[in-house]
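# Breakdown of the fold
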Amino acid sequence: PWILALHIVSMIAWMAGMLYLPRLFVYHAGTMPGSEASEIFKVMERRLLRAIINPAIASNWIDIELIAPSSPKLYTEEEVPPYWLANVYVHAGSY
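Rules used in this analysis
Residues numbered from 1 in each chain as written. Predicted model: local features only at pLDDT ≥ 70, side-chain atom pairs only at ≥ 80, totals over all residues. Heavy atoms only, no water. Salt bridge = Lys/Arg side-chain N within 4 Å of Asp/Glu carboxyl O. Helix = DSSP H or I, 4+ residues; strand = E, 2+ residues; numbered from the N terminus. Core = buried A, V, L, I, M, F, W, Y, C linked by side-chain atoms within 4.5 Å. Buried < 20%, exposed > 50% of the residue type's maximum accessible area, 1.4 Å probe, protein only. Contact = heavy atoms within 4.5 Å. Patch = residues over 30% accessible without salt bridge, like charges linked within 9 Å, V, L, I, M, F, W, Y side chains within 5 Å. Areas by Shrake-Rupley, 256 points an atom, 1.4 Å probe, with all protein chains shown as cover. Phe/Tyr/Trp six-rings, centres within 6.5 Å; stacked < 30°, edge-to-face > 60°.

Further remarks concern the pattern of salt bridges. Counting across every chain of the model gives one salt bridge. The closest approach of N and O atoms between Glu-39 and Lys-42, which form a salt bridge, is 3.3 Å. Separated by three residues within a single helix, Glu-39 and Lys-42 lie in helix H2 (residues 36-67), roughly one turn from each other.

Dropping the structure here:
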């Protein structure tokens, strides 16, 4: 249950960061290049990406690797693609 809770929290953090990053880009585009505000937005964008978005998605990848093998089987063995293929399909949306 703790891994699932961590997965949910990190997914929410990743989505919040991905929704906030374009807003920072828009604000950054409205400033004069080389101004103090422009430099502040560069720092904010970098910190958001490196401190929130990247660790959150890395945590999601790790969490799903721990959760997936313990989840109940929904199909028979003949219907399920190989595990690695299903994992790639599920995580393709995270980029």
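With that out of the way, let us pick up the environment of Met-18. Position of Met-18 among the secondary structure elements: in helix H1 (residues 2-29). Distance from Met-18 to Ile-53, taken between C-alpha atoms, is 7.0 Å for residues 35 residues apart in sequence.

Glancing now at the nonpolar core. Counting eight residues, the largest nonpolar core consists of Trp-14, Leu-21, Leu-24, Phe-41, Leu-48, Ile-53, Ala-56 and Ile-57. Taken together, the elements giving at least two residues each to this core come down to H1 and H2. Other than its neighbours up to four places away in sequence, Leu-48 contacts Gly-17, Tyr-20, Leu-21, Leu-24 and Ile-53.

In this section: a nonpolar patch on the surface. Taken together, Ile-3, Ile-62 and Leu-66 make up a surface patch of nonpolar side chains, about 280 Å² in accessible area. Relative to the helices and strands, Ile-3 resides in helix H1. Overall, the relative accessible area of 37% leaves Ile-3 in the partly exposed class.

Moving on to the packing of aromatic side chains. Under the defined criterion, the tally for this structure stands at one aromatic pair. For the pair Tyr-27 and Phe-41, a centre-to-centre distance of 6.2 Å together with 40 degrees between the ring planes defines the contact as tilted. In this pair, Tyr-27 is assigned in helix H1 and Phe-41 in helix H2, connecting sequence segments 14 residues apart. Its relative accessible area of 41% is what places Tyr-27 among the partly exposed residues. Note on Phe-41: relative accessible area 16%, which makes it buried.

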